[in-house]
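Coordinates in review
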Amino acid sequence: MDKMEMREIVTEKIEIREDEDGKRTLSGYAVKWEKKSHVLGMFFKFREQFKKGAFADSLKNDDQRFLWSHDVSKVLGRTKNETLRLNEDDIGLRFELDLPNTSLGNDTYESIQRGDVDGVSFGFRKEDDEIEEPEDDLPLRTVKKAKLLEVSAVAFPAYPDSEVSARGFDRMKQYDEELKEYRDEKAAKIKILTIL
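An account of the accompanying structure is given in this report. These numbers come from a predicted model, not from an experiment.

Secondary structure summary: the protein chain contains three helices and eleven strands in total. Sequence-ordered secondary structure for the protein chain, helices as α and strands as β, is β-β-β-β-α-β-β-β-β-α-β-β-β-α. Within the protein chain, the fraction of its 196 residues that count as buried is 43%. Considering only contacts in the protein chain between residues 6 or more positions apart, those separated by 24 or more positions represent 67%.

Next up on the list: the sheet that holds strand β7 (residues 84–88). Note on sheets: strands pair through backbone hydrogen bonds, and any given pair is parallel or antiparallel. Spatially, the four strands line up as an open sheet ordered β2-β3-β8-β7, and their pairing is antiparallel. Two strands in the sheet have a free side with no partner beyond their single neighbour: β2 (15–18) and β7. Within the sheet, the average angular offset between the axes of one strand and its neighbour, ignoring direction, is 15°. With five bridges connecting them, β7 and strand β8 (residues 92–98) associate as antiparallel partners. Looking at β8, one finds that N87 is bridged to R94.

Moving on, we get to the environment of D89. Summarising the element assignment, D89 is placed in the loop between β7 and β8. Each C-alpha atom of the pair D89 and W33 lies 9.2 Å from the other, and the pair is 56 residues apart in sequence. Among all residues touching D89, those that are not within four sequence positions of it are Y29, W33, K52 and R94. A polar atom in the side chain of D89 sits 2.8 Å from the backbone nitrogen of I91.

Let us look at the pairing of strand β5 (residues 65–68). Strand direction decides the pairing type here: β5 and strand β6 (residues 71–78), joined by four bridges, are antiparallel. Residue pairing for β6: L67 is matched across the bridge by V75. Hairpin remark: β5 followed by β6, antiparallel, with two residues in the connecting loop; positive phi at S69, about 55°.

So, about the pattern of salt bridges. Per the counting criterion, the structure on display carries 18 salt bridges. Residues participating in the shared-partner salt-bridge network are E5, E48, D129 and R141.

By the definition in use, this model includes seven aromatic pairs. Relative to F122, the ring of F50 has its centre 5.4 Å away and its plane inclined at 70°; by these criteria the two rings are edge-to-face. Linking F50 in strand β4 (residues 47–50) with F122 in strand β9 (residues 119–132), this pair joins segments that are 72 residues apart in sequence. Take F50 and F122: they sit in the same class, and that class is buried.

Next up on the list: the pairing of β2. Judged from the four bridges that link them, β2 and strand β3 (residues 24–32) form a sheet pairing that is antiparallel. Across the sheet, the residue bridging to I16 is L26, located in β3. Turn length for the β2-β3 hairpin, with the two strands adjacent in sequence and antiparallel, is five residues, and the turn residue G22 shows positive phi of about 90°.

Along the chain, S152 falls in strand β10 (residues 140–154). The class of S152 is buried, set by a relative accessible area of 0%. Discounting chain neighbours no more than four positions away, the residues touching S152 are F66, L67, S69, H70, G119, V120 and S121.

The next subject is the nonpolar core. Formed by 29 residues in total, the largest nonpolar core has its most connected members in F50, F55, F66, L93, F122 and V151. Elements supplying a minimum of two residues to this core: β3, β5, β7, β8, α2 (103–114), β9 and β10. Broken down by element, the residue count for this core peaks at five residues, all from β10. Once residues within four sequence positions are removed from consideration, F122 is found in contact with E5, M6, R7, A30, V31, F50, F55, H70, L148, E150 and V151.

Cut-offs applied
- Residues numbered from 1 in each chain as written.
- Predicted model: local features only at pLDDT ≥ 70, side-chain atom pairs only at ≥ 80, totals over all residues.
- Heavy atoms only, no water.
- Helix = DSSP H or I, 4+ residues; strand = E, 2+ residues; numbered from the N terminus.
- Buried < 20%, exposed > 50% of the residue type's maximum accessible area, 1.4 Å probe, protein only.
- Contact = heavy atoms within 4.5 Å.
- Pairing = 2+ DSSP bridges.
- Axes fitted to C-alpha atoms, helices over the stretch in contact; angles between N-to-C directions.
- Polar contact = N/O pair within 3.5 Å; in protein donor to acceptor, adjacent residues only side chain to side chain.
- Salt bridge = Lys/Arg side-chain N within 4 Å of Asp/Glu carboxyl O.
- Phe/Tyr/Trp six-rings, centres within 6.5 Å; stacked < 30°, edge-to-face > 60°.
- Core = buried A, V, L, I, M, F, W, Y, C linked by side-chain atoms within 4.5 Å.

Here it is, written out as structure tokens:
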């Protein structure tokens, strides 16, 4: 499945530093490992978490961008030229971004420094996941491997009452459809066996 998914979180803190040479650096976490999301999904509700190492292959092999609000025409940095540095640590996927000396870089710096923007979002393509269905809670999707496409600074999550939200492709809807198809197939086989 090559559908892009996005998750947005309000961070505990986007750190911003400026050295004596005027170099401005943002840092923070795009995702924290094995932390359950708030309820996601438009049609079928579920929770989600990411396993430590989910982005390891992608970080080695791909070129990610840091964007302003998912706008591909507003690139603030990228891993290829090391203006964006991404690494997985024990807490999660950490980013460091050297802001460009451009009007977009200056506006980003000012908006984050003032606290107007405190959200981080990331776009990814799932490569491997598993879904558990605990009896006492909503289904839990654990993303074990994913291709990281981009990280973005965002003004607010898509659903302001939650820290994490989903837009676009609904993996749980697909899972529910697959499960229904499987159950229907099993029921049809049982019906045939009872007729014989």
